[in-house]
Amino acid sequence: MSPFIQAFYYSMTDWSGFTPVMNFIGIDNYVRLFQDDTFVKSLGNNVVLVIVLPIVTIILSLILATLVTVGGRSKGQISGLKHAGFYRVVSFFPYVIPAIAIGLMWRQVFAPNGLVNGALTGLGLDQFINYAWLGEVATAMPVSMFVIIWGFVGFYMVLFVAAIKGIPAEIYEAARLDGAGRFRTAVSVTIPMIRDNVQTAYIYMGILALDAFVYMEAMNPGGGPAFSTIVMPQVLLDTAFSQGQFGRASAMGVILALVTLTFAGLVFLINSLTGGTKKDVRL
Amino acid sequence: MTTKVAETKHAKDTPPVAGPRKHKDSTGSDKVVGTVSHTALILWSLIVVLPLLWTLMTSFKSTEEIFASTFALPEGLNFANYVNAWTTAGIGDYFLNSVIVVGSALIIVMVLGSMCAYVLARFTFRGSRAIYYLMLAGLTFPIFLAIVPLFFILQNMGLLNTLPGLIITYVAFALPFTVFFLYSFFRTLPYEIGEAAAIDGAGDWRTFFQVMLPMAKPGIASVAIFNFLGLWNQFLIPVALNTNVDNYVLSQGLARFASQMGYAVDFGALFAAVVITVAPVLVVYVIFQRQLQGSVSQGTMK
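A quick note: this is a predicted structure, and the numbers were derived from the prediction, not measured.

### Comments concerning the overall build of chain A
When you go through chain A residue by residue, the secondary structure sums to 13 helices and zero strands. Taken over 283 residues, chain A has a buried fraction of 56%. Considering only contacts in chain A between residues 6 or more positions apart, those separated by 24 or more positions represent 68%. By element, 68% of the accessible surface of chain A is carried by carbon and sulfur atoms, the whole surface being about 11,700 Å².

Right, here's the structure in full:
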């Protein structure tokens, strides 16, 4: 724990890291950070990531998990699709691949002579010949987000599959007898029953989104075109280890932690305001 | 403070309930839904697998072949790229460093973590809750907040830029998760067995190593796999705390290789390097996937 407390103290000093001098300057670091365009840009990007990534990832993985577990026949026992195991195993692949390798791989896939452009020109869309997906301000961020989502959907899918299997089959059968269709069952039975899992997944994914550093570093070193994909950790590391401004870097760390906590708090708040199930067990 | 325990759902890893049963009661709409579902899932599987296969295929091509055509098959099984990546780009050395660091950290963290979790789960003493909550806090705080102070802690210990320094940091970051996971696991083991061992004259140590550890094997195995994947994939910690090129781990070496040469990069060797990084984890995953999938819910929903 002590590194965390030290970080908080350092953030209030003008320490450069290599001199013993360390003056206490209060919140000066924070004030200066918010006048720094690059930092504000990176903060904004982080906020976008933390909002978009969890929503898209969780919706996509919920859909896939539902298809795998209850996509089978509507008569008789509730059943999943055939080959469900195969889909689960394959979908989980990206989660075990090192993030840096994912980033580098997709950088090549989206490169001007990469797989995506090859496929698009193969379909007759010639304007994409030599299009640099990660080199254009308009597409760099969406493409980067897609890659991060690609990396995590499988993990959450497996998570939700396990959660859905934990729901007693009788509940599904009851819903079916009451005449609920597939879509109705998914919305009114599955989602409420695994609500807590979704909340936890949301928080995990949000924290991961704040930590998009590795992907961004791999795909867009230097912050991408016009800093369109720069994230706070990149600015932090640069400030600390290239510029030697450890006080300011620690202040960034504190801001990042505060954003994380705010985010987790908001998710809990929204969940309880909308009537989240409270089945907590006290140890 | 309430401890949130999403009631222990022991997701038994039951095999999928699919299977060719009688098809006569399938309705027309089921077929449509089935087709749509399969299409969606196959599409997703393709999105997952195609980039991997393309990377594998391209890793056998020469740079001219790569620029000539995106899809053409390589002229033959050409391992020159792998040789280049392994020796010229130093991926071999980085690979070895990764094996040393991850291997040592894994052993240390598993031994410390299982003992720690056992004691916290089974004995109540002054401050045991406090230790537990400290661990929990360590799990939630982002690494970035700690990275600067950590740099100086290691520097003061003279361990900056060394493999042992990296191992210690890895252990410190993997420990909370390990303890957390195994804590709930040890709590579910029946107390009677511990008592029986005590009556038979086993001391605490003996009970732990000869009775409890073997019983906790499934949990320990899955946490070990998780830690292996997590540490093998670690990037931020080595980038900040291990700047000596000789001590680079694989993920770092890969990033360096990619950025070092800019557009003059030996693309074939880069693809080969990616394959070298990805292959061990995919193999480990495919071998242990059943174990891992079963434990995903248990381990992360606490």
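### Thoughts on the domain arrangement of chain A
Residue and element names in this part refer to chain A. Taken domain by domain, chain A consists of domain 1 (1-35 + 243-273) and domain 2 (51-238). When domain 1 packs against domain 2, close to 1,300 Å² is buried across both sides, 73% of that on carbon and sulfur atoms. The largest contributions to the domain 1 side of the interface with domain 2 come from L256, F263 and N271, which together make up 41% of the buried area. Joining domain 1 to domain 2, the criterion identifies zero salt bridges. Taken together, domain 1 and domain 2 are joined by zero residue pairs in polar contact (both at pLDDT 80 or more). The class makeup of the residues in the side of domain 1 that touches domain 2 is nine nonpolar, four polar and no charged.

### Comments concerning helix α5 (residues 99-109) of chain A
Along α5 of chain A, eleven of the eleven residues are buried, which leaves the element largely enclosed by surrounding structure. Among all positions in α5 of chain A, only A99, I100, A101, I102, G103, L104, M105, W106, R107, Q108 and V109 of chain A are buried.

### A few points about the side chain of N45 of chain A
Residue and element names in this part refer to chain A. With respect to the secondary-structure elements, N45 resides in helix α3 (residues 37-70). When its relative accessible area of 8% is taken as the criterion, N45 is described as buried. The contacts of N45, once residues within four sequence positions are left out, are M141, F227, S228, T229 and I230.

### Description of the UniProt feature "transmembrane region" (unreviewed entry) in chain A
All names here are of chain A. Per the UniProt entry, the sites bearing "transmembrane region" (unreviewed entry) are residues 7-27, 47-72, 84-106, 143-164, 201-218 and 251-273 in this numbering. Along residues 84-106 one finds 91% helix and 0% strand; the C-alpha atoms at either end are 27 Å apart. Spanning residues 251-273, this segment combines 100% helix with 0% strand, and its end C-alpha atoms are found 32 Å apart.

### Describing the nonpolar core
Nonpolar side chains tend toward joint burial in soluble globular proteins. Grouped together as the largest cluster of nonpolar side chains are 176 residues, with contacts concentrated most on L49 and F160 of chain A together with I91, Y170 and F186 of chain B. In terms of residue count, helix α7 (residues 137-165) of chain A provides more of this core than any other element does, 18 residues in total. With residues up to four places along the chain from it excluded, the contact list for Y170 of chain B reads V101, V102, A105, L231, Q234, I237, P238 and V249 of chain B.

### Remarks on the side chain of T229 of chain A
All names here are of chain A. Inspection of the secondary structure puts T229 in the loop between α11 (213-219) and α12 (232-242). Overall, the relative accessible area of 0% leaves T229 in the buried class. For T229, the residues in contact, after removing those within four places along its chain, are N45, A140, M141, S144, M216, N220, G223, G224 and Q234.

### Let's talk about the UniProt feature "transmembrane region" (unreviewed entry) in chain B
All names here are of chain B. In the UniProt entry, the feature "transmembrane region" (unreviewed entry) is given for residues 32-54, 94-120, 132-154, 166-186, 220-241 and 261-288. As annotated, residues 94-120 has a helix share of 100% and a strand share of 0%, and its two end C-alpha atoms lie 37 Å apart. For residues 166-186, helix accounts for 100% and strand for 0%, while the C-alpha atoms at its two ends are 29 Å apart.

### Observations regarding a nonpolar patch on the surface
Taken together, the side chains of V47, V48, I51, V52, I55, V56, I59 and I63 of chain A define a hydrophobic patch exposed on the protein surface, amounting to about 590 Å² of accessible area. On the secondary structure map, V56 of chain A appears in helix α3.

### A few points about helix α3 (residues 80-88) of chain B
Residue and element names in this part refer to chain B. Considered for burial, the residues of α3 that qualify are N81, Y82 and A85. What you see down the axis of α3 is that its buried residues fit within an arc of 100 degrees, all on one side. Opposite the buried face of α3, by more than 90 degrees, sit the exposed residues T87 and T88. Directly beyond the C-terminal end of α3, a positive phi value near 80 degrees is found at G90.

### Side note on the packing of α5 of chain A against helix α1 (residues 28-58) of chain B
Following both chains from N to C, one finds α5 of chain A and α1 of chain B inclined at 85 degrees, their axes separated by 10 Å at the closest point. Relative to α1 of chain B, the element α5 of chain A is oriented roughly perpendicular. Contacts between α5 of chain A and α1 of chain B involve M105, W106, Q108 and V109 of chain A on the former and, on the latter, I47, P51, L52, W54 and T55 of chain B. Its residues assigned to classes, the contact of α5 of chain A with α1 of chain B shows seven nonpolar, two polar and no charged.

### Considering the packing of aromatic side chains
Scanning the entire structure with this criterion turns up 32 aromatic pairs over all chains. Each ring, one from F92 of chain A and one from Y95 of chain A, has its centre 5.4 Å from the other, and the planes form 45 degrees; the classification is tilted. Residue F92 of chain A and its partner Y95 of chain A are both found in helix α4 (residues 84-96); the two are separated by three residues, about one turn of the helix. Judged by relative accessible area, F92 of chain A falls into the buried class, the value being 0%. Connected via pairs of aromatic rings, a cluster forms that spans F92, F93, Y95, F152, F155, Y156 and Y215 of chain A together with Y285 of chain B.

### A word on the confidence of the model for chain A
Averaged over all residues, the pLDDT of chain A equals 78, while 86% of them reach at least 70. Every residue in residues 277-283 of chain A is under pLDDT 50, and counting partners more than four places away or in other chains gives 16 contacts.

Rules used in this analysis
Residues numbered from 1 in each chain as written. Chains lettered and ligands numbered in written order. Predicted model: local features only at pLDDT ≥ 70, side-chain atom pairs only at ≥ 80, totals over all residues. Heavy atoms only, no water. Helix = DSSP H or I, 4+ residues; strand = E, 2+ residues; numbered from the N terminus. Buried < 20%, exposed > 50% of the residue type's maximum accessible area, 1.4 Å probe, protein only. Contact = heavy atoms within 4.5 Å. Areas by Shrake-Rupley, 256 points an atom, 1.4 Å probe, with all protein chains shown as cover. Domains from an automatic or database assignment. Buried area = accessible area lost by both parts, 1.4 Å probe. Salt bridge = Lys/Arg side-chain N within 4 Å of Asp/Glu carboxyl O. Polar contact = N/O pair within 3.5 Å; in protein donor to acceptor, adjacent residues only side chain to side chain. Nonpolar A, V, L, I, M, F, W, Y, C, P; charged D, E, K, R; others polar. UniProt positions renumbered as here; feature names shortened; annotations may be inferred. Core = buried A, V, L, I, M, F, W, Y, C linked by side-chain atoms within 4.5 Å. Patch = residues over 30% accessible without salt bridge, like charges linked within 9 Å, V, L, I, M, F, W, Y side chains within 5 Å. Arc of directions from axis to C-beta. Axes fitted to C-alpha atoms, helices over the stretch in contact; angles between N-to-C directions. Parallel < 35°, antiparallel > 145°, perpendicular 65-115°, else oblique. Phe/Tyr/Trp six-rings, centres within 6.5 Å; stacked < 30°, edge-to-face > 60°. pLDDT = per-residue confidence, 0-100.

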